[in-house]
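Listed below are the residues making up each chain.
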Amino acid sequence: MELLLHHLYLVSIFGYLLGASISLGYLFVKEQNTGNIIVNALCIAASAVAAAASVGKIFSGVGTLNIFSLQSAIPFITLNISIDNLSAFFVLALSILVFCVSIYSIGYISHYNGKRNIGLFNFLYVMFIISMFFVLTSANAVFFYISWEAMSLLSYFLVVFESEKEENQKAGTVYIVMTHLATACLLIGFMIIYHYTHSFDLIVAQNGTVIPEMARNIAFILFLVGFGTKAGVIPLHIWLPYAHPAAPSNVSALMSGIMIKTAIYGLIRFVLCYLGVQNTWWGIVILVLGMLSAVLGVAYALMEHNIKRLLAFHSVENIGIILIGLGVSYIAFAQNHLLVGGLALTAALLHTFNHTLFKGGLFLGAGAIQYAVHTKDIEKLGGLLKKMPVTGLMVLCFSLAISAIVPFNGFISEWLTYQSIFANILPGQIGLNFFSAVAVAALALTGALAAACFVKLFGISFLGLPRSEQAANAQEVPKTMNIGMGLLALICLGIGLFPLTILKLLDPVVGSLGGGSVFSQLQGGFMLAYYPLTVSPGSISPVALILALAGIILLALLVIRIVGGKYIERKYGTWDCGFEALNARMQYSATGFSKPIKIVFRILFRPTRKITTEGDSFYYPESIEYATTVASIFEDYLYHPVIKRLQKFSQRTKYKIQTGSIHNYLIYIFAAVLLLMLYNRLA
Amino acid sequence: MKDCTPGRIGNEAMNSIAYIIIQLIVTLLAAPLVGGLIKKVKALTQKRKGAPVLQMYFDLYKLLQKTSVVSEVSSWIYKAAPYIVFATALTGALLVPVSTKIVPVLIPGDFIMLVSILALGRFFMMAAALDTASTFGGMGSSREAMISSLIEPSILVALFTVGLLSGSTSLPRMMQTVQVTGFPFAHPVYMMVGLALLIIIIAETSRIPVDDPSTHLELTMVHEAMILEYSGRHLALLEYGAAVKQLVFVTLFVNIFIPHDQLIPFMGFGAVILSLLLYLLKVVLMAVVIALIEVNTVKFKLFSIPNLAALSFILAFLGILQFFILGGYHV
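So, how was this worked out
- Residues numbered from 1 in each chain as written.
- Chains lettered and ligands numbered in written order.
- Predicted model: local features only at pLDDT ≥ 70, side-chain atom pairs only at ≥ 80, totals over all residues.
- Heavy atoms only, no water.
- Helix = DSSP H or I, 4+ residues; strand = E, 2+ residues; numbered from the N terminus.
- Rg over C-alpha atoms; globule rule 2.2 N^0.38 Å.
- Buried < 20%, exposed > 50% of the residue type's maximum accessible area, 1.4 Å probe, protein only.
- Contact = heavy atoms within 4.5 Å.
- Core = buried A, V, L, I, M, F, W, Y, C linked by side-chain atoms within 4.5 Å.
- pLDDT = per-residue confidence, 0-100.
- Patch = residues over 30% accessible without salt bridge, like charges linked within 9 Å, V, L, I, M, F, W, Y side chains within 5 Å.
- Areas by Shrake-Rupley, 256 points an atom, 1.4 Å probe, with all protein chains shown as cover.
- Salt bridge = Lys/Arg side-chain N within 4 Å of Asp/Glu carboxyl O.
- Pairing = 2+ DSSP bridges.
- Expected span 1.5 Å × (residues − 1).
- Bend = angle between axes of the 7 residues up to and from the residue.

## Some words on the overall build of chain B
Okay, so step 1: Tallying secondary structure elements over chain B gives 11 helices and 1 strand in all.
Okay, so step 2: In sequence order, the secondary structure elements of chain B are arranged as α-α-β-α-α-α-α-α-α-α-α-α.
Okay, so step 3: Whereas a compact globule of 331 residues would reach a radius of gyration of roughly 20 Å, chain B reaches 20 Å, a difference of no more than 12%.
Okay, so step 4: Overall, chain B is about 55 × 45 × 45 Å in size when its C-alpha atoms are taken along their principal axes.
Okay, so step 5: Evaluated residue by residue, chain B yields a buried proportion of 66% over its 331 residues.
Okay, so step 6: Of all intrachain contacts in chain B linking residues separated by at least 6 positions in sequence, the fraction that spans at least 24 positions is 80%.

## Considering the nonpolar core
Okay, so step 1: The biggest cluster of nonpolar side chains holds 352 residues, and the ones touching the most others in it are F223(A), W239(A), L254(A), M255(A), I268(A) and L349(A).
Okay, so step 2: Setting aside anything within four residues of it in sequence, one finds W239(A) in contact with V174(A), Y175(A), M178(A), T229(A), K230(A), H244(A), M255(A), M259(A) and I260(A).

## Focus: the confidence of the model for chain A
Okay, so step 1: Scored by pLDDT, chain A comes out at a mean of 88, with 96% of its residues at no less than 70.
Okay, so step 2: For chain A, per-element mean pLDDT is lowest for strand β1 (residues 65-71) of chain A, which scores 84, and highest for helix α14 (residues 389-402) of chain A, which scores 95.

## A short note on a nonpolar patch on the surface
Residue and element names in this part refer to chain A.
Okay, so step 1: Together, I657, I662, L666, I667, Y668, I669, V673 and M677 make up a nonpolar patch on the protein surface, roughly 810 Å² of accessible area in all.
Okay, so step 2: With 7 residues, the top contributor of residues to the nonpolar patch is helix α24 (residues 662-682).
Okay, so step 3: With respect to the helices and strands, the residue I669 is situated in helix α24.

## What to know about the confidence of the model for chain B
All names here are of chain B.
Okay, so step 1: The share of residues in chain B with pLDDT of 70 or more is 92%, and the mean pLDDT across the chain is 86.
Okay, so step 2: Counting contacts from residues 1-10, a segment whose pLDDT is below 50, to residues more than four positions away or on other chains yields 24 contacts.
Okay, so step 3: Of the two predicted TM-score estimates for the complex, the pTM is 0.93 and the ipTM is 0.93.

## Considerations on the side chain of S75(B)
Okay, so step 1: With respect to the secondary-structure elements, S75(B) resides in the loop between β1 (68-71) and α3 (76-95).
Okay, so step 2: Excluding residues that lie within four positions of it along the chain, S75(B) makes contacts with L385(A), K386(A), L463(A) and D131(B).

## So, the pairing of strand β2 (residues 78-83) of chain A
All names here are of chain A.
Okay, so step 1: Within β2, 5 of the 6 residues are buried, which leaves it mostly tucked inside the rest of the structure.
Okay, so step 2: Alignment of β1 against β2, held across 6 bridges, turns out to be antiparallel. Within β2, the position partnered with F68 by the bridge is I81.
Okay, so step 3: What sits between the antiparallel neighbours β1 and β2 is a turn of 6 residues, in which F76 has the positive phi angle 75°.

## A word on helix α19 (residues 499-512) of chain A
Residue and element names in this part refer to chain A.
Okay, so step 1: In a regular helix each residue adds 1.5 Å, so 14 residues correspond to 20 Å; α19 covers 20 Å between its end C-alpha atoms and thus fits that length.
Okay, so step 2: Taken as a whole, α19 carries its principal kink of about 30° at L506; the proline P508 stands between one and four residues after it.
Okay, so step 3: When we look at burial in α19, the residues that qualify are P499, L500, I502, L503, L505, L506, D507, V509 and V510.
Okay, so step 4: Buried residues along α19 sit against α2 (33-60), α3 (85-108), α12 (338-373), α15 (409-424), α18 (479-497) and α20 (542-564).
Okay, so step 5: G514 lies just past α19 and shows a positive phi near 100°.

## Points about the pattern of salt bridges
Where charged atoms of side chains with opposite charge meet at close range, the side chains can pair.
Okay, so step 1: Considering all chains together, one arrives at 15 salt bridges over all chains under this definition.
Okay, so step 2: One salt bridge connects R216(A) with E213(A), and the closest N-O pair in it is separated by 4.0 Å. Linking R216(A) with E213(A), this pair stays in helix α7 (residues 213-231), spanning 3 residues, or about one helical turn.
Okay, so step 3: For R216(A), a relative accessible area of 6% puts it in the buried group.
Okay, so step 4: Here R309(A) makes a salt bridge to E304(A), at a shortest N to O gap of 3.2 Å.
Okay, so step 5: Since its relative accessible area comes to 21%, R309(A) is described here as partly exposed.
Okay, so step 6: Its relative accessible area of 15% is what places E304(A) among the buried residues.
Okay, so step 7: Residues joined by salt bridges that share partners form a network here, namely R122(B), E144(B), E152(B), E204(B) and K245(B).

Quick look at the structure:
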């Protein structure tokens, strides 16, 4: 078994590498369609193999798989790939997403045909996947760091792929600066660990116990900042709403679906597995950051009308929900409530997995809209459900899933999060319980606002009248794109209806991280009824619920048929208040839809509006332009002042340090060498 | 079907089917009554005779006979929404037992699921309102989005607190707990949460001061604006769904805060019937209370509703804090 899994992983890596080299071969070929199909087919095959191997790895219960280990001549640098349960779980999420996105890409990439170098794109795309695979499986901190850096750089190239657009250049700059600030933190963290353990080996669990308390706390903060930036935790999230919209949609799906989850993987691998959670405040910090990200993320999403920026803010929100689960689990672990810790960790991991599915799917949906309508602006869409029925249905499914509505998977993980908070409320720890209560409120507010936001997204773009010429002439996207989205939607529904399957898969993962077994606490009853944790026997059964729902609908149809007779329908226009014709401008716009919430939370949004009228008379203007903006508090009050100060400081100092005189430079060098020698002597 | 109490009949499946049937019949029959009663009480306080209490049944029957007018603009969402709204409300009703003498077994679900299933209905209703391209639909949908996102946190925090008191998130369990602990309003936690839930009921069931169910003035309406384009059987389903949802919230409130089953010491079929009668009495009482609140307040302007929602949230949150400080009882 072990050998088989080992070979499967090797085959998968080989498949990706083959794909990368083939795409390189197509760099200078004019006709790139065949190359595109071959590369994506290789990705599909490789990801299918990796997914199968991961499921096999987790269920078979074999220990850590050492895939390969290459010692290089350079000290510390070892290419060491090994897979334990946690890695396998994240690789599974990666593989499922890559599988669906690659199917989708076959059709999606065709609109770059002749305009872009598809060979180059595919090379970056496959290398990006490989780098994420290595991040999730490297067993050596240096190799992890190299893969992490490669992942960041490759995604940067993908963000600026359409580099002639000015917004993409800005997005790329913000992204690369933020991601390198994060990487710097990680590097210092690794160095602190190395200083005390003299090893870059990651697989040794809880190695952190030899590190003194203070250094461990510093390492935790560094990891939190480093991984938090990649994850898009508020206030480090600012790159996300720039980078996700700029990248091509299949890349956005990968970036939002799995790349930001590698940060969650990092937080679990380095903090829980490596440093070991002993302080309750670590959990509280993560919990508070999670609540902040969840609520603010969804609040900012509501104000967005660029469909991909909106989705990017929802990534911030969902990372917040994951962090709430993770925070609760760290609090519980620190207090040795292993069962509650396990439950919360299960919730966090499941939400990570779910978010990979539905957010990946939503970005694919956004890509489909862009493919058909050539716009990312919701205000220019409308009535697409009739033109693109399959895409519309998929986006509806994903919208319900992300809003935590039954019977989709988002509900299951949020339910588990609620249950873990519930189970974590114990007498005698009033301070902690206060955080739990706030977390419940934050989760509830997040869920409700998310539903409002996705009613807006779905309702404004897919329903009503088309708001632009292109939307009126939209056509359904190619079949491969629909298949890619459809598979993701099916998995979302599957997990939502049969949560026990995925929970069974998660149990060994959480178990290997030191959490109590959640699955053994479940008692399978009538039709997948589901009773977790004896401490709070709440139980849900999505299947029974859906059967009841369907039964009631059928019964209603029957009763109405008997009482009301045959269904007679009369088509007629919507009531237009007596005007001659209904037009698209009479509909509610996305701005109008979210306006009440903007007014309610005006302290947060600080909205401004500008009305400019044209024409001679004030009372009878020829045209009125209404512009409204929402302040992004963190950029305005946190980043911009810092950047401004820094710029001012460098302006002032540059004439003192960078004088242009070679004598001064020689003195600097001399002083530096002297200081270094002194340090070497004294230390 | 002589005996419906759990454990006595010996057959769990039979028991759950019996439960489902009783629950469905009681809900379906009582739901339109609540609205009728509220209207009647309002009329009486205004020295009018008012429509008959059973008026809604006649309306529903009449609507079912009518042709449905469907907007040319709309898609399948528009036609599916009434069925989904009705079915989600009724499925929600299956999660909230009308009497603890009959314990639900078929659909395991708790209050988080109840909120989620009602959110499913609301999602479709808000989407359908946008589907006809009518301004009124958009207006109602947008307002509903605001109100629901402000009210939902306080529902969850309030019910979470009640759940903590009983040690479970399951609704039947919460209701059984108060049967044992006695009159809940004597307990400060319940007192806070009860007041919070009272506000929630008014907001969730589109009542004055949050929404005015009897008007079609576009400036005031929320729920009515969303369903403005509907007619015929679609409208009937939506109205019925709204009534069922109202009853779900009323049931939730009365069965948690006015426990009655400990008044019936004996078991068996008679106990179930007696319990149901007492339940209906409580519903009537609640309808009168809601009517009196409606008579004595005026419709708030839209942007005063957040204050009301905040009040309810603060009450619920104070409830949970009191629970932490005072400590609770798990039964």
